[in-house]
Amino acid sequence: MPAAPRHPREGERLASLHSYRVLHTGPDAALDALTRAAARALGTSTALISLVDEHRQLFTSASGVEHVLGPGVRQTPREESFCAHVVAAEEAIVVPDATADARFADLPMVTGPQHVRSYAGAPIIGRDGLPLGALCVMDRAPRELDTAAVQVLSELAGTVAELLELRRADAAAGLSGPDVLVDSHALRAGIDAGQLAVHYQPVVDLPSRRWLGVEALVRWDHPERGLLAPAEFLPLAEASGLVVPLGRQVLTLACTQVALWRAQGGAGGASADLHVAVNLSGRQLSEPDVAQVIADALTISGLPPEALVLELTETSLAAGGGDVDTALQRIRALGVELALDDFGTGYASFSYLQRFQPDVVKIDRCFVAALGRSERDDLLAASLVQLAQRLGCGVVAEGVETPEQAAALTALGVRHAQGYLFSAPRAVADLTGHLLARDPLPARG
Ligand code: C2E
Ligand code: MG
Ligand code: MG
């Protein structure tokens, strides 16, 4: 059997294919509809979308495969593939009778019990301009295909490429993957049904370990899947715009809870001057009434504005679009503080420091995790801290997990920190007792 040919830019082609992250995904209804349409339009028993990887071809979608390749066949070795030839040639191939074509006559699916006799495949060209695989039709009978039929196949292959592009964009936005929910109706219903819960992570004063405040972190108490972390539904909330009602609910819940803790602490009590940090997304920031929503949360809860910190990331500032600066001015005018979250992880940390002038900078946990690893890592963390301090910002270190990290941060002059060393985010019921009694918390929970 002759070796399957390679594409002239095979390395780049494989890198492009892998960037689609579609090789191991489950069934896809839209792709399946396309393969069915191809089989019907060309009058063949079988149509397949084959993605040609280094050593094998994988069928991401197959219609009628049981007629030709056998039930449940999802891949074959690359050397035994027709589609690898389409990929190498980067153009449609029509094989009216495989037994009479030296390139294919010895393929197991031709000589074996499958008896494939005819094949036609059109390349699926990705946005990078490189072929990912082929949309193909096969039959056990020999058959000619006219130019019009090949044209139909090529157009359908173009649509497959567009769909794969959408899948790639979804994957990049965190909207696909085994753990990611893609049902915005369920999220909408969950928000309306009060299934959002807010957990709170203490922010502590490093030298005294005294609680200064808490960060509010949203969870979704999903009726079937249990408590979900933000990574599992925030990308969907962002993409669908549901982050706006979600954010409003979190803000009101958090302000109300912290106002209650402050009141329970009594004047001068452990929690009387507690503050709360709430994360704000870019979508919320671009809502024209964002300042009013925040003002309403303060009014409803009775929380004084100076007890509220709004956390923004560079991503949310960049995605805020429109008139972010005006929105920030209005928010600041309420008397609340602004924090720059995940500092140092974005593309333009310094420019945001300049433009946004936060009251507080939160040093991302990746810098905390790297403390003590090398001189360069330590220097980088020290420089970030110094920069923020010299600009007059408060500094909070995120993700402190070990006593060594806490000591290193203290040596750098950082006073405020949060992290598993002090407490993981916890539900209200788990925190209230500790908070009011000023009990030190067990390290994790
Ligand atoms: P963030 O604002 O940077 O929050 C800190 C994240 O680090 C939280 O993850 C927290 O659980 C985690 N964390 C805290 N201490 C440690 C530690 O010592 N080690 C490690 N490895 N992780 C630690 P979580 O709760 O999963 O939240 C993830 C992100 O989701 C948050 O990052 C924030 O950007 C976003 N988020 C959470 N709640 C909301 C919300 O209500 N609205 C918006 N727009 N975003 C939210
Ligand atoms: Mg945050
Ligand atoms: Mg952060």
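Our structure's up above, just so we're on the same page.
Presented here is an overview of the structure given in this document. Small disclaimer: the values here were computed from a predicted structure and weren't measured. (Residues numbered from 1 in each chain as written. Chains lettered and ligands numbered in written order. Predicted model: local features only at pLDDT ≥ 70, side-chain atom pairs only at ≥ 80, totals over all residues. Heavy atoms only, no water.)

### Considering the layout of surface pockets
What the largest pocket holds in volume is close to 1,400 Å³. Forming the boundary of the largest pocket are 44 residues, of which Leu 234, Asn 279, Thr 313, Asp 341 and Asp 342 lie nearest the centre. Elements supplying a minimum of two residues to the lining of the largest pocket: β8 (211-222), α8 (230-240), α9 (243-265), β10 (275-279), α10 (282-285), α12 (314-319) and β12 (337-343). The residue makeup of the lining of the largest pocket, split by class, is 19 nonpolar, 14 polar and 11 charged. (1 Å grid on protein atoms, 1.4 Å probe; cavity = no way out; pocket = protein on both sides within 12 Å on 5 of 7 lines; lining within 4 Å. Points joined across faces, edges and corners; volume = space filled by probe spheres on them. Helix = DSSP H or I, 4+ residues; strand = E, 2+ residues; numbered from the N terminus. Nonpolar A, V, L, I, M, F, W, Y, C, P; charged D, E, K, R; others polar.)

### Section: the coordination of the magnesium ion (ligand 3)
Within the protein, the atoms that donate to the magnesium ion (ligand 3) are Asp 341 (OD), Asp 342 (OD), Glu 398 (OE) and Glu 398 (OE), at distances of 2.0 to 2.5 Å. Here the donor residues for the magnesium ion (ligand 3) map to a single chain with the spacing D-D-x55-E. A separation of 4.1 Å is found between the magnesium ion (ligand 3) and the magnesium ion (ligand 2), both of which receive a donor from Asp 341. Judged by relative accessible area, Asp 342 falls into the partly exposed class, the value being 26%. (Donors = N, O, S within 2.8 Å, 3.2 Å for Na, K, Ca; no water. Buried < 20%, exposed > 50% of the residue type's maximum accessible area, 1.4 Å probe, protein only.)

### A short note on the environment of Leu 371
Structurally, the position occupied by Leu 371 is in the loop between α15 (365-369) and α16 (375-390). In sequence terms Leu 371 and His 55 are 316 residues apart; their C-alpha atoms lie 42 Å from each other.

### Quick word on the packing of α9 against helix α11 (residues 290-301)
The contact between α9 and α11 brings their axes to 9 Å, and the two run at 30 degrees. The pairing of α9 with α11 is recorded here as roughly parallel in orientation. Both α9 and α11 take part in a crossing whose hand is right-handed. Contact with α9, carried on its side by Arg 248, Leu 251, Thr 252, Cys 255, Thr 256 and Ala 259, involves Val 293, Ile 294, Ala 297, Leu 298, Ile 300 and Ser 301 of α11 and no other residues of that element. Here the contact of α9 with α11 is composed, by residue class, of 8 nonpolar, 3 polar and 1 charged. (Axes fitted to C-alpha atoms, helices over the stretch in contact; angles between N-to-C directions. Parallel < 35°, antiparallel > 145°, perpendicular 65-115°, else oblique. Left-handed = near helix turned anticlockwise from the far one by under 90°. Contact = heavy atoms within 4.5 Å.)

### Observations regarding the packing of aromatic side chains
Within this structure, the stated rule accounts for 4 aromatic pairs. Seen from their ring centres, Phe 82 and Phe 104 are 4.7 Å apart, and the 25 degrees between their planes marks the pair as stacked. Taken together, the residues Phe 82 in the loop between β3 (75-77) and α4 (83-89) and Phe 104 in the loop between β4 (93-95) and α5 (108-111) connect sequence positions 22 residues apart. Phe 104 matches Phe 82 in its accessibility class, with the two residues each being buried. With a centroid separation of 5.8 Å and 80 degrees between ring planes, the pair formed by Trp 220 and Phe 233 is classed as edge-to-face. Residue Trp 220 is located in strand β8, and its partner Phe 233 is located in helix α8; the two are separated by 13 residues in the primary sequence. Taking the relative accessible area as the measure of exposure, Trp 220 reaches 1% and is therefore buried. You can call Phe 233 buried: its relative accessible area is 0%. Of the aromatic side chains, those joined through ring pairs into one cluster are Phe 82, Phe 104 and Tyr 119. Here the guanidinium or amino end of Arg 168 rests over the ring plane of Tyr 20, the centre of that ring lying 3.9 Å away. (Phe/Tyr/Trp six-rings, centres within 6.5 Å; stacked < 30°, edge-to-face > 60°. Lys NZ or Arg CZ within 6 Å of the ring centre and 35° of its normal.)

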